[in-house]
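Here are the chains, one letter per residue:
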Amino acid sequence: MDSSRLQQLLQKYWEGETTLEEEQLLKDYFQSNEVSDELRDVASMFQYFNQAKKNNLNDITFDRTLMDKVSAKPREGRARNLIFNSMRIAAGVVVVIAATWFIRKEIRQSTPQEVIDTYDDPKLAFEETKKALMMISKSFGTAQEQAKKINLFNEAQEEIQKTPTNN
C-alpha cells in the first residue's frame, strides 16, 4: 500500500470515518512485516487490538476465580470496616468533647469573677474607702494645679499672638 493512501486511511481512522473494509485494510497492513519505522507505534496498537480480540472471557475458570475474589472481600472486610468506622466515630466524639471543654474553659477565664467582700467589719471597710478616696482627691488636686499652669501658658500664648509686631 502506498504511503499517501495509508496516511489518508489513518486520518479517516483517527476521525472515526472509516468503513469496515478500510479498517480491515489497515489491520492487514499493520499485521504484515512491511510496516515502516515511523508507523511502528500504530502497528503495535493494531496488534494489541488483534490480541485482545483473541482473548476469550467465557472461560469457566476465569469466571470462578473472579467471583471468588469479588465475594470473598466483603466477608473479610465487614468486621474490619465495623471496627474502623467505630474508631472514626469515637475519634469524632473525643474531638467534640475536647473542643467543648476548651471553649468552656476559655469562657470561664474571660468572664469577670464576682466581687467578693474583703472586709467583714463595716467600720474597717469605711475607713479603707476613705483612704482610697483621699488618695484620689490628692491626685486630682495635683492634676488640677497642673491644668491651671497649662491654662496660664495657653493664655500667654494667645496674648502674644494678638499683639501686632512692629518692624
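Residues numbered from 1 in each chain as written. Predicted model: local features only at pLDDT ≥ 70, side-chain atom pairs only at ≥ 80, totals over all residues. Heavy atoms only, no water.

(A) Representation of a nonpolar patch on the surface within the structure. Side chains of F62, L66 and V70 sit close together on the surface and give an oily, nonpolar patch of about 260 Å² of accessible area. Locating V70 in the fold gives a position in helix α4 (residues 60-110). (Patch = residues over 30% accessible without salt bridge, like charges linked within 9 Å, V, L, I, M, F, W, Y side chains within 5 Å. Areas by Shrake-Rupley, 256 points an atom, 1.4 Å probe, with all protein chains shown as cover. Salt bridge = Lys/Arg side-chain N within 4 Å of Asp/Glu carboxyl O. Helix = DSSP H or I, 4+ residues; strand = E, 2+ residues; numbered from the N terminus.)

(B) Structural detail: the nonpolar core. Core analysis: the biggest nonpolar cluster contains 12 residues, these being L6, L9, L10, Y13, L26, Y29, F30, V35, L39, V42, A43 and F46. Beyond its immediate sequence surroundings of up to four residues, V42 is in contact with L10, W14 and F30. (Core = buried A, V, L, I, M, F, W, Y, C linked by side-chain atoms within 4.5 Å. Buried < 20%, exposed > 50% of the residue type's maximum accessible area, 1.4 Å probe, protein only. Contact = heavy atoms within 4.5 Å.)

(C) Structural detail: the pattern of salt bridges. Counted under the stated rule, the structure contains three salt bridges. Put simply, K130 and E127 hold a salt bridge, and the shortest N to O gap is 4.0 Å. Separated by three residues within a single helix, K130 and E127 lie in helix α5 (residues 122-162), roughly one turn from each other. We classify K130 as partly exposed; its relative accessible area is 40%.

(D) Highlighting the side chain of E22. Within the fold, E22 resides in helix α2 (residues 20-31). By relative accessible area, which is 13% here, E22 ends up buried. One polar contact links E22 to K12, side chain to side chain, over a distance of 2.9 Å. (Polar contact = N/O pair within 3.5 Å; in protein donor to acceptor, adjacent residues only side chain to side chain.)

(E) Structural view of the packing of aromatic side chains. All told, the structure shown has seven aromatic pairs when counted by the stated rule. Ring geometry for Y29 against F30: centres 5.2 Å apart, planes inclined by 70°, an arrangement best described as edge-to-face. With respect to class, Y29 is no different from F30; both count as buried. Where F30 meets F46, the ring centres are 4.9 Å apart and the plane angle is 15°; that geometry is what we call stacked. Of this pair, F30 sits in helix α2 while F46 sits in helix α3 (residues 40-54); the two residues are 16 residues apart in sequence, bridging distant segments of the chain. One aromatic cluster is present, built from ring pairs that chain together Y13, W14, Y29, F30, F46, Y48 and F49. (Phe/Tyr/Trp six-rings, centres within 6.5 Å; stacked < 30°, edge-to-face > 60°.)

(F) Expanded view of the packing of helix α1 (residues 3-14) against α3. Between α1 and α3, whose axes approach to 14 Å, the crossing angle comes to 55°. Here α3 runs oblique to α1, going by the angle between their axes. Crossing of α1 over α3 shows left-handed handedness. Within the contact between the two elements, α1 uses L10, Y13 and W14 and α3 uses V42, M45, F46 and F49. (Axes fitted to C-alpha atoms, helices over the stretch in contact; angles between N-to-C directions. Parallel < 35°, antiparallel > 145°, perpendicular 65-115°, else oblique. Left-handed = near helix turned anticlockwise from the far one by under 90°.)

(G) Representation of the packing of α1 against α2 in the model. Where α1 meets α2, the axes come as close as 10 Å, and the angle between the chain directions of the two elements is 120°. Regarding the angle of α1 to α2, the classification is oblique. Crossing angle aside, the handedness with which α1 passes α2 is left-handed. Judged by residue contacts, R5, L6, L9, L10, K12 and Y13 of α1 engage E22, E23, L25, L26, Y29 and F30 from α2. Of the residues belonging to the contact of α1 with α2, the class tally is eight nonpolar, no polar and four charged. (Nonpolar A, V, L, I, M, F, W, Y, C, P; charged D, E, K, R; others polar.)

By themselves, these observations are geometric and do not establish any function.
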